[in-house]
Every structure is written in C-alpha cells, then in structure tokens.
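So you can see what is in the structure, the chains are spelled out below.
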Amino acid sequence: MNISNFINGSHSSPSSSPSFSSINPQTNEFIASIPLSSSQEIDLAVQAAHAAFPRWSATSRAQRSAYLTAIADAIHARHEEFAVWESRDQGKTLARARVEVDRAIANFRYFATFILHETSTARFTPDERVLTYEHRSARGVFALISPWNMPLYLLTWKIAPCLAFGCTGVAKPSELTSITAYLLSEIFVQVRLPPGVMNIVYGDGSTGADLVRHGFIQGISFTGGTQTGIRIRQDTAADIQKHLSLELGGKNATIVFDDADLDAAVDVAAKAAFENQGEICLCGSRIYIHQSIYHQFVSKFVEHVSRTYIPGDTLGAVISLAHYNKIRSYLTLAKQEDFLLGGVPPENPTNGYWISPCILKNNDNQSPLCQEEIFGPVVTVSPFDTEEEAVSLANDSKYGLAAILLTKDGARMRRVGERLQAGLVWVNCWLVRELGTPFGGMKASGVGREGGSILKMCFVWFVFCIALCSMRCIVCEANIYLLNRDI
Ligand code: NAD
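Residues numbered from 1 in each chain as written. Predicted model: local features only at pLDDT ≥ 70, side-chain atom pairs only at ≥ 80, totals over all residues. Heavy atoms only, no water.

(A) Main features of the site of the ligand. Neighbouring the ligand are 30 residues, the closest being E175, T228, L248, C281 and E373. Within the backbone of A209, a nitrogen or oxygen atom sits 3.4 Å from a nitrogen atom of the ligand. In the environment of the ligand, a nitrogen atom lies 2.7 Å from a nitrogen or oxygen atom belonging to the backbone of L248. Notes on the ligand: free accessible area 850 Å², of which the protein chains cover 89%. A class-by-class count of the residues in the shell around the ligand yields 13 nonpolar, 11 polar and six charged. Mapping the shell around the ligand onto the domain boundaries places at least three of its residues in each of domain 1 (6-121 + 139-248) and domain 2 (252-427). (Near = heavy atom within 4 Å. Polar contact = N/O pair within 3.5 Å; in protein donor to acceptor, adjacent residues only side chain to side chain. Areas by Shrake-Rupley, 256 points an atom, 1.4 Å probe, with all protein chains shown as cover. Nonpolar A, V, L, I, M, F, W, Y, C, P; charged D, E, K, R; others polar. Domains from an automatic or database assignment.)

(B) Region of the structure containing helix α5 (residues 151-164). With 14 residues, α5 extends 20 Å between its outermost C-alpha atoms, agreeing within 8% with the 20 Å of an ideal straight helix rising 1.5 Å per residue. Most of α5 sits out of view: 14 of its 14 residues are buried. Positive backbone phi, approximately 90°, marks G166, located one or two places after α5. (Helix = DSSP H or I, 4+ residues; strand = E, 2+ residues; numbered from the N terminus. Expected span 1.5 Å × (residues − 1). Buried < 20%, exposed > 50% of the residue type's maximum accessible area, 1.4 Å probe, protein only.)

(C) Region of the structure containing the domain arrangement of the protein chain. On domain assignment, one finds that the protein chain holds domain 1 (6-121 + 139-248) and domain 2 (252-427). Relative to domain 2, the C-alpha centre of domain 1 lies at a distance of 31 Å. Listed as interface residues are 19 residues of domain 1 and, on the opposing side, 22 residues of domain 2. Roughly 1500 Å² is buried in total at the junction of domain 1 and domain 2, and carbon and sulfur atoms are behind 57% of that figure. Counting the contacts that link domain 1 with domain 2 gives one salt bridge. Across the salt bridge formed by R96 and E275, the nearest N and O atoms sit 3.4 Å from each other. The interface formed by domain 1 and domain 2 holds nine residue pairs in polar contact (both at pLDDT 80 or more) in total. (Contact = heavy atoms within 4.5 Å. Buried area = accessible area lost by both parts, 1.4 Å probe. Salt bridge = Lys/Arg side-chain N within 4 Å of Asp/Glu carboxyl O.)

(D) Highlighting the packing of aromatic side chains. If you walk through the whole model with that rule in mind, you get 14 aromatic pairs. With 5.0 Å between their ring centres and 90° between their planes, Y110 and F111 make a pair best called edge-to-face. Considering the side-chain rings of F297 and F301, the 5.5 Å spacing of their centres and the 15° angle between planes classify their relative orientation as stacked. Of this pair, F297 and F301 both sit in helix α10 (residues 294-308), four residues apart, roughly one helical turn. For the pair shown, F297 and F301 are each scored as buried. Site record: aromatic cluster; members linked through ring pairs are Y110, F111, F114, W157 and F165. Over the ring of Y153 we find R103, and its NZ or CZ is 5.7 Å from the ring centre. Note that R433 overlies the ring of W157, its terminal NZ or CZ placed 4.9 Å from the centroid. (Phe/Tyr/Trp six-rings, centres within 6.5 Å; stacked < 30°, edge-to-face > 60°. Lys NZ or Arg CZ within 6 Å of the ring centre and 35° of its normal.)

(E) Summary view of the UniProt feature "active site" (unreviewed entry) in the protein chain. The sites that UniProt annotates as "active site" (unreviewed entry) are E247. Mapping E247 onto the fold places it in strand β12 (residues 243-247). The buried category is assigned to E247, whose relative accessible area is 3%. Not counting residues up to four positions away in its chain, the partners in contact with E247 are F222, T223, G224, F439, G440, G441, S445, G448, R449 and E450. (UniProt positions renumbered as here; feature names shortened; annotations may be inferred.)

Following this line, the structure appears as structure tokens:
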C-alpha cells in the first residue's frame, strides 16, 4: 500500500519527501510505504484547515451531525477491511481490531447526536436584573496526534469531537500505524467532507513537532508517552493561546480484596493485564492481592492466563523490534525464580515480535518492573495486608491514569477508590467506556479531560464563564467510577 497525505480534500501525489517502511509486526513483512512529511507539507495542511475554519464553524449542528453520521456509516460498510488492516499494521488480533473499529464508529455516532442535544447554562445576577448565559464558540484549527496502540480508535476519538464542535484539524497518526488513518481519509472523500476541514499527514516525531509549533494551531489534543507530552508542553509554552490536552502513559494498579468473587476477579485482572498484548495505557500491569487470598488467586490467575492468552491466537505481536527489545530488557531484570509464567523472549526474533504472557512475583514496589511503563504482556503480582497498605502501594507511582478495584464491599469501593490517585477507577470491571464520562489522567498521566461535555473544554472558547471553568480544572481532578453491578 502507498500511503499519501490528505490535504485540502485530496491525496497528494507521491511526494518528493522521503518515505519509510511500515511492517506487519506479526510477520516482519513490509506492508506500506509511509511519507515522512516535510515542514512545507505540514504548513500546507494547517493552511488548508485554517482556510476551511470560517465556513465549517458556521455550518449548523444538524449539517455537522449529518457528516459525522455519514462517516460512521461509511466505516461500518468497510468494517472488516478496516479491522484486517488494523490487525496487520498494529499486530493486534483480528478480534481485538474488530472491537476497536466498532468503537471508532461509536465515536462518530456519539458526537453526531451529542451536539444535537446540548444544553447551555443561564444564571441571574443576585439582583436578578441581568441574566447571564454561556455561549461557546469553536476555537479554530487543532493538531490531533495519536499513538500506535489503538490507531483508528484513538485518532477518531479526537477527530469526531473536533468536527462536531465546528473546529477544523490536522491529524497525525503514529508513524508505526498509518494505514487505517489513510482508509479514513478515503471515507472523507466518499462523504464529501468539505476540503481542508480535516487533513491527515504522516510522519514521525519531527512531523508532530512541526505541527504543534505551527502558528495557526489553536489547540493540541495529544495521546502518547509522557516524555513526548513534556516536549509538546515545552514546544508550545510561549504560545499561551494554545489549549493542551495531554493523555499520557500509565502504570495502573489492580487491587484484589479478600471479599472479591475470585473467578470473576481473575478474569477481569487477566483482561486488564493482557488485552491487546498489554499495549493499552489503561492496562492493570501491577496487581496487589490481599495476603489471605494471595496464593489461591495467583494459582488460578496463572492457570487462567496460560489457558486464555495464546500468542498468535488470542494474543497479538508487539508493535516493533524496538518495543520487543524494550520489553525484553525489563524482563531480564527479573530473577528466574520470579517468573510464575513466561520468561525472557529470545534475542533477535525472526518471524514477528511475539512475547508470551509473563507473570512476575514482586515484593519490591520500587523495582523498575513496578514503577515503569513496560507496555507489553507483563504483569507483577504482590501481596498486601491492609487497605491502607493497598492504597499506599497503588499510589506509589509517578503515574495516575487508572485503577481497578475488585471487591464486593460497597463502602470500601468509595473508601478506597476516592483515595486512589487515578483519573478513572473501574470497580469490578475494566475498559468499560461511556463517552460522556470525562477521561484523563492525574500526575504524570496527563492534563485535561476528554469525553462528552467536559471535552468541549478542549475545542471551544469560553466566553462568559471562563474564570469559573478554569478554576474547576485547576482546583480539582475528577475520579470517575465505573461500577459493574453484575459482579
Ligand atoms: P509517543 O509519545 O512516542 O508518540 C505518540 C505520537 O506523538 C506519535 O504520533 C508520534 O509521532 C508523535 N510525536 C512524537 N514526538 C513528538 C513531538 N515532539 N511533538 C509532537 N508529536 C510527537 O507514544 P507512542 O509510543 O506512540 O505510544 C505509547 C504511549 O502512549 C504509552 O506511553 C501509552 O501509555 C500512551 N497512551 C496513552 C493513552 C491515554 O489515553 N492516556 C492512550 C494510549 C496510549
């Protein structure tokens, strides 16, 4: 496949810019040639989005909703094609890719209807002489930058609300996974999205840096690693008007209490650790288990994971050789006797980047295995004694993206959950999303919240209540709870 930039409504002819190869992580075979866009091409894309903004922001909500619905329908019609390419490009299983295409479609459908039913707030001054109301206007051109782990799903999570709220954009997928973004640009042509409204450019970190620094960019919605988030903040520090939403890395804790339904807890903890071969920012990669059930849980967990997560069948390949080597280097830090399942994978893999699930005993919370984001099929298990200790172990991390609580005790759900430094707390479930619920991390996991009405903060100017809303963002960070009533 030859991928080309999508700028101002058309695909560029193969550019004079250099290109690079994208490979299938499952086989190590070449699958696509990707352009490494120059700063001139980035400029063209941003200029196109800037020129398209006045007309697009003046369209009615009904018109924008119709475009979003048409995009969702068109992806749906090519669902399997998207899923097959996503699996080949990222290494994930086809089953996982299908779920993510469903979710990408849901992103468009959600915002297509959300904007039709939006309300505003109005308040009287104390003497009731003046009625104030909140009006929000679209901000302008956004840079939308996504990582490689859930390529289509995360890119559309940015594109859909950007279009829905009347903004225009330049999207840049990860250099490792560009193919479904290219298929999406074909859909934009098919539904006759007006030229320039959404542009897609390809390239690496330097392409992303050119994009975020461009003077016409009004805001950046970024998902990726914490170090890149820091770099983007540095690169835009002087551009005070640029709104930043940074969704960054995680090292999330799963806490299993002694009253949890053991079989259900094993299943949730395993999914949270190994879904998408552990390459999800929200994965629970360190499991803390009450000492009274530790041995029973661990033996069931090891048995369940070894039966359920089979490389090449239910577990995909990791994204690249560099990432394989990174995961491998963490595994070499573990002692042989700490492997309850798996082991150090071979050096120099020849036929795809496969790593079997690894479960490691760990009693040292300061170990890099417990502190650093490995982003692969690796999980640590550690015992705890008291609730206090569980909270302190979970919070002993520079990250604060998500946490998973497994308990039947309703009071404990709140008592423990509200003390966890995590933007999202799942109780007896994992990866459940409700798109109106704000999403985002604390600490080194990022700033800003995306999702539903909170996400509007990213894409619109606040005209009347800027002080109040900014204060809310500054003084508190929401812990969001998703409680599963079925366990
Ligand atoms: P990355 O930070 O290396 O790259 C992400 C994107 O940023 C890519 O498109 C890349 O080309 C671009 N980029 C790189 N340098 C840039 C720069 N200086 N300026 C602008 N753009 C730049 O991340 P990755 O390796 O692709 O993804 C893995 C990371 O993403 C993990 O840390 C994971 O936890 C995180 N992630 C977070 C979430 C979340 O919602 N919090 C979701 C998925 C992944």
